[in-house]
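# Structural overview for review
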Amino acid sequence: MSLFEEYHPLTGKMFQILKADGTLVSGQKPPISDQEIFALYKKMLFIRLADQRALMLQRQGRFGTYAPIWGQEACQVGSAYALQKGDWVVPAFREIGATLMMGISLKSFYLYWMGNEMGSRAPEGMNVMPVSVPVGTQTLHAVGVAWAAKLRGEKVVALVFFGDGATSKGDFHEAMNFAGVFKTPTVFFCQNNQFAISVPRSLQTASKTIAQKAIAYGCDGIQVDGNDLFAVYLATKEAVEKARSGGGPTLIEGVTYRFGPHTTADDPTKYRTEAEIEPWKPLDPFVRLRFYLGEKGMWDEEIENRLTAEAQKEIDQAVKDAEAVPSPQVEEIFQYVFAEMPHPLKEQLEYLKSTL
Ligand SMILES: Cc1ncc(C[n+]2csc(CCOP(=O)(O)OP(=O)(O)O)c2C)c(N)n1
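Below is a summary of the structure that appears in this document. Numbers given to residues run from 1 along each chain, matching the order in which its sequence is written. It should be noted that, the model being predicted, local features are given only for residues of pLDDT at least 70 and side-chain atom pairs only at 80 or more, the latter also being counted only at that level, while totals for whole chains, interfaces and linings use all residues. Hydrogen atoms and water are omitted, and side-chain values are computed over all heavy atoms in the structure.

## Side note on helix α3 (residues 73-80)
Relative accessible area decides the class of each residue, using a 1.4 Å probe on protein chains only: under 20% of the type maximum gives buried, over 50% gives exposed, and in between gives partly exposed. Labels follow the DSSP assignment, with helices taken as runs of H or I lasting at least four residues and strands as runs of E lasting at least two, numbered in each case from the N terminus. Judged by how many residues are buried, α3 sits mostly within the fold: eight of eight residues are covered. Looking at α3, one finds that the buried residues are Glu73, Ala74, Cys75, Gln76, Val77, Gly78, Ser79 and Ala80.

So, in structure tokens, the structure goes:
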């Protein structure tokens, strides 16, 4: 039986391999070697620290705004690890993990959040689309990218990230429908982090799971423990392989939790209590990996301190490099859309300049 049959959304089962206490679910085994697990843990740690730094930089006025990943690292690292060279990542706005996993530099990632559009430009061969702030629109882009690849006969897959909130947008349904009909090689990854700003998951949809929405579109769907790196990786790997071999799209719901604010413009104490967060803390994706690696003699406080120090050094350098890039000119807000700037834009540009 395939993974998607065994964990068909209507069975009500959530796929998990690594439990919160670091032990394995009976009958399951890690899908990758211990060396790979350690390497991915190291990557997750780097991402968590780079994310924390981004928050600090915003608080110091050095970033415009920022949407932290805190808590969702396993969803992004595990899923992006299942991709191959040439595949696409189509992010929303919380995707530091998947972006760095694709090889984009932290300097470039930071540059974007400092307000420099050059940070959106992925180097040749790194197929990462720009940040999508309009909720859910990127699901359609991902179907387009995948469909184009299919028409060209390229064995390429597009992995798109979005939140539980995005599943209430028409774009998501149109994307799923189109992907199902044309069997596009798209993997839809919903990070169900329990909130869309202040709107809780319970008010987002009356469906029992988000994964089950796949059924309406004739696609496979699976709900996975999004804080379990192993389950996220394996489910995505199966979905990617299926897509690559012409089997069509899959909707993966990663059940996770956003520990931080929605963005730096949000105050989560207005809509959730500390008591609500408490049960999620032991489910943090790092906790179980530390137990697991600790058992193998591959993690302890000393190793954590060493990895942290190495990461902080690299992050310091990325901040320095990003801040050394000259700020964009005000003209750039008005350029690039039209070959020749239309009169109203010219007027607005002149007005803006006169206020500076
Ligand atoms: C089309 C559109 N409507 C509203 C917003 C304002 N907005 C930004 S993020 C967000 C919630 C998104 O929630 P979800 O899809 O669950 O993703 P998460 O932020 O939890 O990662 C909203 C409503 C927007 N950016 N775009």
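## A closer look at the state of the cysteines
Two cysteine sulfurs form a disulfide in these notes if their separation is within 2.5 Å. For the structure shown, the criterion picks out zero disulfides. A disulfide-free cysteine, Cys75 has its sulfur positioned 9.0 Å from the sulfur of Cys190, the nearest such atom. By relative accessible area, Cys75 is classed as buried at 0%.

## A short note on the site of the ligand
Close to the ligand lie 15 residues, the nearest being Arg94, Gly165, Ala166, Asn193 and Phe195. The contact in question runs from an oxygen atom of the ligand to an N or O atom on the side chain of His262, over 3.2 Å. The accessible surface values rely on the Shrake-Rupley method and a 1.4 Å probe; as for residues, cover is taken only from the protein chains in view. Isolated, the ligand exposes 580 Å² of accessible area, and the fraction of that covered by the protein chains is 69%. Each residue belonging to the shell around the ligand can be placed in one class, and the counts come to eight nonpolar, four polar and three charged. We call a residue near a given molecule or strand whenever any one of its heavy atoms falls within 4 Å of it. N or O atoms within 3.5 Å of each other form a polar contact, as long as, within protein, one can give a hydrogen and the other can take it, and as long as residues adjacent in sequence are counted only when both atoms are side-chain atoms. Note on residue classes: Ala, Val, Leu, Ile, Met, Phe, Trp, Tyr, Cys and Pro are nonpolar, Asp, Glu, Lys and Arg are charged, and everything else, Gly too, is polar.

## Thoughts on the packing of helix α2 (residues 34-59) against helix α12 (residues 285-295)
Between α2 and α12, the shortest axis-to-axis distance is 11 Å and the interhelical angle comes to 145 degrees. Seen along the crossing, α2 lies across α12 with a hand that is left-handed. Judged by residue contacts, Asp34, Ile37, Phe38, Tyr41, Met44, Leu45 and Arg48 of α2 engage Pro285, Phe286, Leu289, Arg290, Tyr292 and Leu293 from α12. Along the lines of polarity and charge, the residues of the contact of α2 with α12 split into 10 nonpolar, no polar and three charged. Angles shown run from 0 to 180 degrees and are taken between the N-to-C directions of axes, each axis being a line fitted to C-alpha atoms and, for helices, limited to the stretch in contact. In a left-handed crossing the near helix is turned counterclockwise from the far helix by less than a right angle, and in a right-handed crossing that turn is clockwise. Whether two residues touch is decided by their heavy atoms; if any such pair falls within 4.5 Å, the residues are in contact.

## Here's the deal with the side chain of Lys213
Within the fold, Lys213 resides in helix α9 (residues 213-216). For the buried residue Lys213, which engages in no salt bridge, the nearest side chain bearing the opposite charge is Glu253, 9.1 Å off. Only 3.2 Å separates the side chain of Lys213 from the side chain of Ser207, close enough to count as a polar contact. What Lys213 contacts, discounting residues up to four positions off in sequence, is Thr167, Phe172, Thr205, Ser207 and Leu251. Neither His nor the chain termini are counted; the positive set is Lys and Arg, and the negative set is Asp and Glu. What counts as a salt bridge is simple: a side-chain nitrogen of Lys or Arg found within 4 Å of a carboxyl oxygen of Asp or Glu.

## Observations regarding the packing of helix α6 (residues 137-152) against helix α7 (residues 170-182)
Axis separation between α6 and α7 bottoms out at 7 Å; the angle between their running directions is 20 degrees. With respect to their mutual orientation, α6 and α7 come out roughly parallel. In terms of crossing hand, the pair formed by α6 and α7 is left-handed. Between α6 and α7, the contacting residues are Thr137, Thr139, Leu140, Val143, Trp147 and Lys150 on the first element and Asp171, Phe172, Glu174, Ala175, Phe178, Ala179 and Phe182 on the second. Counted by class, the contact of α6 with α7 contains eight nonpolar, two polar and three charged residues. What sets the label is the angle itself: under 35 degrees gives roughly parallel, over 145 gives roughly antiparallel, 65 to 115 gives roughly perpendicular, and the rest give oblique.

Nothing here speaks to function; it is geometry throughout.
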